[in-house]
Amino acid sequence: MKLALLGFGTVGQGLAEIIERKKESIQKETGVNLDIVAISDVMKGAIYNPNGLNVTKTLEAIKTGGHLSYYPDEKNLVRGKDSFATIEETNADVIVEVTYTDVKTGQPAIDHCKTAFQCGKHVVLSNKGPVALAFQSLTELAQKHNVRFGIEGTVMSGTPALRMPLTSLIGNDITEIRGILNGTTNYILTKMEEGFPFEDALKDAQEKGYAEADSTSDIKGYDAKYKVVILANTVLGFPLQVDDVECIGIDTISMEDIEQAKEEGYRWKLLGKITKHKSGVEATVKPEKISENDPLASAYGAVNAIQFDCDLAGSITLTGAGAGRLETGYSLLIDILNIARNQL
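Note that the coordinates shown come from a computational prediction; the quantities given were computed from them, not determined experimentally.

## Structural notes on helix H11 (residues 222–234)
Then comes step 1: Between its first and last C-alpha atoms H11 spans 19 Å; for 13 residues at 1.5 Å apiece the expected length is 18 Å, and the two agree.
Then comes step 2: When you tally the buried positions in H11, you get 12 out of 13 residues, the bulk of the element.

## What about the sheet that holds strand S8 (residues 174–180)?
Then comes step 1: Taken in spatial order, the 6 strands make up an open sheet running S9-S11-S10-S8-S12-S13, and their pairing is mixed. The open sheet terminates on both sides in strands that have one partner only, identified here as strand S9 (246–247) and strand S13 (314–321).
Then comes step 2: Sheet topology note: the S9/strand S11 (residues 280–291) ladder contains 2 bridges and is parallel. By the bridge assignment for S11, Cys247 is matched with Val285.
Then comes step 3: Here helix H12 (residues 255–264) sits on the sheet in contact with strand S10 (266–277) and S11, set at roughly 85 degrees to S10.

## Re the packing of helix H4 (residues 109–118) against helix H5 (residues 128–144)
Then comes step 1: The N-to-C vectors of H4 and H5 enclose an angle of 10 degrees; their axes lie 10 Å apart at closest approach. Considered as vectors, H4 and H5 are oriented roughly parallel to each other. Packed against H4, whose contacting residues are Ala109, Ile110, Cys113, Lys114, Phe117 and Gln118, the element H5 presents Pro130, Leu133, Ala134, Leu138, Leu141 and Ala142 at the interface.
Then comes step 2: Among the residues making up the contact of H4 with H5, the classes are represented as 10 nonpolar, 1 polar and 1 charged.

The rules behind these values
- Residues numbered from 1 in each chain as written.
- Predicted model: local features only at pLDDT ≥ 70, side-chain atom pairs only at ≥ 80, totals over all residues.
- Heavy atoms only, no water.
- Helix = DSSP H or I, 4+ residues; strand = E, 2+ residues; numbered from the N terminus.
- Expected span 1.5 Å × (residues − 1).
- Buried < 20%, exposed > 50% of the residue type's maximum accessible area, 1.4 Å probe, protein only.
- Pairing = 2+ DSSP bridges.
- Contact = heavy atoms within 4.5 Å.
- Axes fitted to C-alpha atoms, helices over the stretch in contact; angles between N-to-C directions.
- Parallel < 35°, antiparallel > 145°, perpendicular 65-115°, else oblique.
- Nonpolar A, V, L, I, M, F, W, Y, C, P; charged D, E, K, R; others polar.

None of the figures reported here should be taken as evidence of function without further support.
Okay, structure coming up:
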């Protein structure tokens with residue numbers, strides 16, 4: 001299976017590292033041979049070899065000079081294809097979409113997906129934007145062209161927040177989904193419980209790489225809101241829109257709120273919640289004070305957790321990493337392998 005990577009930042013490099021390390025064992029265990037044939041990144045350049053790129057040399061090029069121009073010349077190597085040319089003009093079977101996406105428009109990832117589907121190519125991605133904003137239309141387009149759309153990494157990275165309910169919980173009527181869907185805010189709230197003021201907790205999260213320099217999307221709850229929309233559309237099959245979700249961030253929580261909750265045996269968490277009613281669903285993202293005995297209360301630091309209330313299986317809670325270089329790369333790998341095995 002030949003792969004083209006659009007974007008070669010943290011996540012793209014994470015997937016490349018996994019393939020470099022696991023290629024032989026993956027082929028032995030699954031029969032799937034993975035080759036990266038193309039990479040196109042706006043900042044780092046673009047390379048394509050129909051016979052496959054040397055992943056070790058690709059990673060060395062970025063480590064050495066931060067640019068794919070440091071990748072050595074070789075037979076059949078082509079340089080300089082932009083993202084759309086990489087989709088249209090390479091022999092890739094799967095387009096791995098890991099570019100930076102504007103969450104307000106979902107671009108350029110939405111157009112990347114459309115182009116790939118129209119070219120008869122599968123897509124896997126970790127971008128929330130296209131799935132939150134255009135899930136229905138993209139799914140229909142993929143089906144029209146008989147290709148697959150892998151989106152596991154959009155909610156909890158390598159933790160199977162989508163695949164588990166869609167496969168292991170199939171047959172259940174899931175009446176409510178609630179979860180800690182943003183590791184940055186969970187880390188900040190945990191530090192505040194330890195006595196750090198909000199600004200100090202945020203600074204610490206940024207220094208450790210859990211929060212971006214501009215952490216507005218996390219702090220205000222926007223990141224979690226997009227994930228709630230994805231869960232509603234994929235797991236519950238309800239066409240929820242971003243504007244349908246009530247959203248309140250953690251910047252409304254004071255140290256006094258934290259201390260009072262601790263005295264009462266409660267903890268503050270930023271929860272994304274979807275409750276199914278006969279007439280539809282109600283969806284919110286907001287800080288909630290939950291009991292220390294609540295299964296979600298045990299998620300500390302940058303960890304994510306999600307709970308599914310099922311009519312047959314009861315309440316099922318899944319906890320794991322919601323971000324990370326290798327974790328998100330792994331989520332892409334799982335989708336790729338399932339496409340290869342026709343099980344997505």
